[in-house]
Amino acid sequence: MNALPIIVGALCVMAIAYRYYSAFLAAKVLALDESAPVPSETMYDGHNYYPTNKWVLFGHHFAAISGAGPLIGPVLAAQFGFLPGLLWLVIGVCLGGAVHDFMILVASVRRKGKSLAEIARTEISPLSGLVAGLAILFIVVIALAGLGLVVVNALAESPWGTFTVAFTIPLALLMGLYMYRFRVGRIREASALGVVGLFLAVIAGGWVADSAWAPSFTFSKNTITLLMAAYGFVASVLPVWMLLCPRDYLSSYLKIGTVAFLILGVILVHPNLNMPAWTPFVNGGGPVIPGKVYPFVFITIACGAISGFHALIASGTTPKMMRKETDARMIGYGGMLMEGVVGVVALIAATSLFPGDYFAINTAQGSPAQQVRYAQMVETHTAEGFDLQPKEIDRLEAESGEKNLRGRTGGAVTLALGIAKIFDGIPGLAGLMKYWYHFAIMFEALFILTTIDTGTRVARFLVGEFLGRFYRKLEEPTWMPGAVLTTALVVAGWAAFIWSGSISTIWPMFGIANQLLAAVALCVATTVIVNSGRARYAWTTIVPLAFVATTTLAAGWKSITDNFWPLAQKPETAAQGYINTALTAVLMAAAVIIIFDSVRRWTRGRRAPVGDALGATTGA
């Protein structure tokens, strides 16, 4: 299968969805009002509530929501073939993920930028608010730890990547001061400065890696963890205009620019997808994802189609910076469509590799027993007609400069190789595989790191809201002692997981937790629609809610019975098995409580609608 009709078809479907479906949601379901007051003006504090140009805010929002999910998820799901992941990415993002993000963003804007848990408390019930708050706090800390671990692994012992990523921090500070202090409102000038500086950082990173400066930017995993924790703390405490927003805006240039270049590369090179439409592993037994295509493809590809983590951003930093309600369509719906495009491109990059090379990279081969199992898998499936003999892996090792690509699980290496192959095939750019590969590794690290800073700030708001029930001042985001305390608690939580390595014991169930959070957010969105007296439009959120909830609960149950509980029966993996089983069960129970509580509220809301056009029942 050639990649050209796939990328063109996906872009056309998403463009149509934005033009018509998002317009329907904006006009009929949400009734956006350009003149309506927004919290960035009514609650302006120059720190967290700050009116921001919609293009800058789009860059911040997209950079914040775009973590490892749309990059790594499709790569891992390629185990099933290119078709299951492609269908979920395109259909899921248009009818599920973009609707999810758009609805929560508007709901938060109309409620003074309140968090998802607070909206659940006021719109559904105090019980749902409490359950959602506790579940969200757990999920966001684990998410930040998991994302941070990917960055640590990518930047450890890598002076090129470390220098480039580090350089973006002072560059972002300069951009923030330029736009908001030196040359107020000169966004184009600041953008040009940032783009030039970013290209210089990428080029200079290669020079640094080959110079005497290399040891100064070569750090161990523990040192990278401490440096990243310090950055997350500072980015969360400083005013959004100074570092967080301009850095995410700057990163969005690299993200969107690289994705656009990839799309152009796919169109020019139009590589063949060497992975078939579906593989024998759709029936289970695959080495990458232990389960069948249903329901596991829907929790493996999270952020590219729908992601509960986005609801935290859409009810965190972004609503506090929107200039007007009508900007939400481009930022909420459009930003999620952009992430769907990222997922499609990542899937194309991964499936352009030959199946034998893909599985050689993504199958663990660290021990003799693992090597024997891999050899048996190759022999068995090749004999049955699914050729798993490596084709190009030796050439890819030589051209990428990597000593060994076999057994490099996790998806990051696979994606970098796929991206490098596409770039290397563009006319006039051949022979630069080594540089493309390292650029892709740096791109992945920077892609994920922007989620760390915004996620930490959002988690700080969540902790402040929760602790504010016991001490009111902690709920005030502008109170500096409270900001320092809540940020320190959040950073200490995710940094401790990375430092100890214990994140590996619960990361396998994060995909389930993330999608359950999406189901919770869709419950909140549906309740807001019903409470506003527009129940006739509730199908826009109930349809994706029904699919995501049933699929994820099924995946949770299958994960417990087929994966986690068997681990608990083995002495060497008992702790991991019990932890995964317990936490997955607790999160599933929390989601079920909120779903039933929401249904109860909907039936009551149909008899006594309140509010108007998604307006807040508590005032905005």
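Just so it is clear, the structure is predicted and the values come from calculations on it, not from any experiment.

Chemist: Sorry if this is basic, but what is going on with the overall build of the protein chain here?
Modeler: Each helix and strand counted, the protein chain has 23 helices and zero strands in total. Here the protein chain has a C-alpha radius of gyration of 23 Å; the compact-globule value for 620 residues is 25 Å, and the two agree. The principal-axis extent of the C-alpha atoms belonging to the protein chain is close to 65 × 55 × 50 Å. In the protein chain, once contacts between residues fewer than 6 apart in sequence are set aside, the share between residues at least 24 apart is 84%. For the protein chain, the computed accessible surface area is about 22800 Å², with 66% contributed by carbon and sulfur atoms.

Chemist: I would appreciate a short explanation of the side chain of S115 in the present structure.
Modeler: Within the secondary structure, S115 sits in the loop between α5 (82–109) and α6 (116–123). For S115, a relative accessible area of 4% puts it in the buried group. Residue contacts for S115: discarding those within four places in its chain leaves S315, L462 and E465.

Chemist: It is not clear to me how the packing of α5 against helix α12 (residues 293–300) should be interpreted in this structure. Could you clarify?
Modeler: Between two packed helices, both the angle of their axes relative to each other and the distance between the axes serve to describe the pair. Contact pair α5 / α12: the axes reach a minimum separation of 10 Å and the direction vectors enclose 55°. Judged by the inter-axis angle, α5 sits oblique to α12. Of the two possible hands of crossing, α5 and α12 adopt the one that is right-handed. In this structure, α5 contributes P84, G85 and W88 to the contact, and α12 contributes V293, V297 and F298. Along the lines of polarity and charge, the residues of the contact of α5 with α12 split into five nonpolar, one polar and no charged.

Chemist: In this structure, what is going on with the pattern of salt bridges? I would like to understand it.
Modeler: Any two side chains of opposite charge can pair, so long as their charged atoms come close to each other. Counted by the stated rule, this structure contains twelve salt bridges. Residue R110 is joined to E325 by a salt bridge in which the shortest nitrogen-to-oxygen separation is 2.9 Å. Taken as a pair, R110 in the loop between α5 and α6 and E325 in the loop between α13 (309–314) and α14 (327–351) lie far apart in primary sequence, 215 residues in all. The same class applies to R110 as to E325, namely buried. Here R111 ties to E123 by a salt bridge, and the two come within 3.2 Å at their closest N and O atoms. Residue R111 is located in the loop between α5 and α6, and its partner E123 is located in helix α6; the two are separated by twelve residues in the primary sequence. The exposure classification of R111 matches that of E123, with both residues buried. Salt bridges sharing common partners tie together E392, R395, E399 and K421.

Chemist: Hey, could you run me through the environment of D387 in this one?
Modeler: Looking at the secondary structure, you find D387 in the loop between α16 (368–383) and α17 (393–400). Residues D387 and F359, 28 residues apart in the sequence, show an inter-C-alpha distance of 11 Å. Ignoring any residue separated from it by four or fewer positions in sequence, one finds D387 in contact with P355, G356, H381 and T382. One polar contact links the side chain of D387 to the main-chain amide nitrogen of Q389, over a distance of 3.0 Å. Of the polar contacts made by the side chain of D387, one reaches the side chain of K391; its length is 2.7 Å.

Chemist: Explain a nonpolar patch on the surface to me, please; I cannot follow it from the model alone.
Modeler: On the surface, a cluster of nonpolar side chains totalling about 280 Å² of accessible area is made up of L87, I91 and L95. The topology assignment puts L87 in helix α5. Judged by relative accessible area, which is 45%, L87 ranks as partly exposed.

Chemist: I keep staring at unusual backbone geometry and nothing clicks. Help me out?
Modeler: Note: most peptide bonds trans; most residues except glycine with negative phi. Look at the link from Y294 to P295: it is a cis peptide, with omega at 10°. Among the structural elements, P295 can be located in helix α12.

Chemist: Would you mind going over the packing of α5 against helix α22 (residues 539–568) with me for this structure?
Modeler: It is the contact of α5 with α22, at a shortest axis distance of 10 Å, that shows an interaxial angle of 125°. Taken together, the axis directions place α5 and α22 in an arrangement best described as oblique. Here α5 and α22 pass one another in a crossing that is left-handed. Mapping the contact onto sequence places W88, L95, G96, V99 and M103 in α5 and T540, T541, P544 and F547 in α22.

Chemist: What should I look at first to understand the confidence of the model for the protein chain in this one?
Modeler: Per-residue confidence for the protein chain averages 85 on the pLDDT scale, and 93% of its residues sit at or above 70. Counting interchain partners and residues more than four positions distant, the pLDDT-below-50 stretch residues 607–613 has 15 contacts.

Chemist: Can you help me understand the environment of L134 in this one?
Modeler: Relative to the helices and strands, L134 is located in helix α7 (residues 126–155). Once the C-alpha coordinates of L134 and L474 are considered, the two residues, 340 residues apart in sequence, prove to be 17 Å apart.

Chemist: Looking at this structure, I do not really get the packing of aromatic side chains. What am I missing?
Modeler: How two aromatic rings sit relative to each other is given by the distance of their centres and the angle of their planes. Within the structure shown, the criterion is met by 22 aromatic pairs. Taking the centre distance of 6.4 Å and the plane angle of 5° together, the rings of F58 and F62 count as stacked. Taken together, the residues span about one helical turn, with F58 and F62 both in helix α3 (residues 54–65) at a distance of four residues. F62 sits in the buried class, given a relative accessible area of 0%.

Chemist: Looking at this model, I keep getting lost on helix α18 (residues 412–424). Mind explaining?
Modeler: Helical geometry: 3.6 residues make up each α-helical turn, so side chains three or four residues apart lie on a common side. Between its first and last C-alpha, α18 extends 18 Å over 13 residues, near the 18 Å set by a 1.5 Å rise per residue. Burial analysis of α18 places eleven of its 13 residues in the buried class, the great majority of the element. Of all the positions in α18, only V413, T414, L415, A416, L417, G418, I419, A420, I422, F423 and D424 are classed as buried.

Chemist: Explain the side chain of R111 here, please?
Modeler: Assessed through its relative accessible area of 3%, R111 is described here as buried. A polar side-chain atom of R111 sits 3.0 Å from the main-chain carbonyl oxygen of A107.

Chemist: Please explain the state of the cysteines as it appears in this structure.
Modeler: Disulfide: a covalent bond connecting the sulfur atoms of a pair of cysteines. Under the criterion given, the structure shown has zero disulfides. Sulfur of C303: no disulfide; nearest cysteine sulfur belongs to C94 and is 17 Å away. When its relative accessible area of 11% is taken as the criterion, C303 is described as buried.

Chemist: Before we go on, may I ask you to explain α6 in this structure?
Modeler: Burial analysis of α6 places six of its eight residues in the buried class, which makes it a mostly covered element. Among all positions of α6, only L116, A117, E118, I119, A120 and E123 are buried.

Chemist: Which parts of the structure should I look at to understand the environment of A190?
Modeler: Turning to its location among the elements, A190 is positioned in helix α9 (residues 187–209). Sequence-wise, A190 and G176 are 14 residues apart; in three dimensions their C-alpha atoms are separated by 8.2 Å. The contact partners of A190, leaving out residues within four places of it in the chain, are M175, Y178 and M179.

The rules we used
- Residues numbered from 1 in each chain as written.
- Predicted model: local features only at pLDDT ≥ 70, side-chain atom pairs only at ≥ 80, totals over all residues.
- Heavy atoms only, no water.
- Helix = DSSP H or I, 4+ residues; strand = E, 2+ residues; numbered from the N terminus.
- Rg over C-alpha atoms; globule rule 2.2 N^0.38 Å.
- Contact = heavy atoms within 4.5 Å.
- Areas by Shrake-Rupley, 256 points an atom, 1.4 Å probe, with all protein chains shown as cover.
- Buried < 20%, exposed > 50% of the residue type's maximum accessible area, 1.4 Å probe, protein only.
- Axes fitted to C-alpha atoms, helices over the stretch in contact; angles between N-to-C directions.
- Parallel < 35°, antiparallel > 145°, perpendicular 65-115°, else oblique.
- Left-handed = near helix turned anticlockwise from the far one by under 90°.
- Nonpolar A, V, L, I, M, F, W, Y, C, P; charged D, E, K, R; others polar.
- Salt bridge = Lys/Arg side-chain N within 4 Å of Asp/Glu carboxyl O.
- Polar contact = N/O pair within 3.5 Å; in protein donor to acceptor, adjacent residues only side chain to side chain.
- Patch = residues over 30% accessible without salt bridge, like charges linked within 9 Å, V, L, I, M, F, W, Y side chains within 5 Å.
- pLDDT = per-residue confidence, 0-100.
- Phe/Tyr/Trp six-rings, centres within 6.5 Å; stacked < 30°, edge-to-face > 60°.
- Expected span 1.5 Å × (residues − 1).
- Disulfide = S-S within 2.5 Å.

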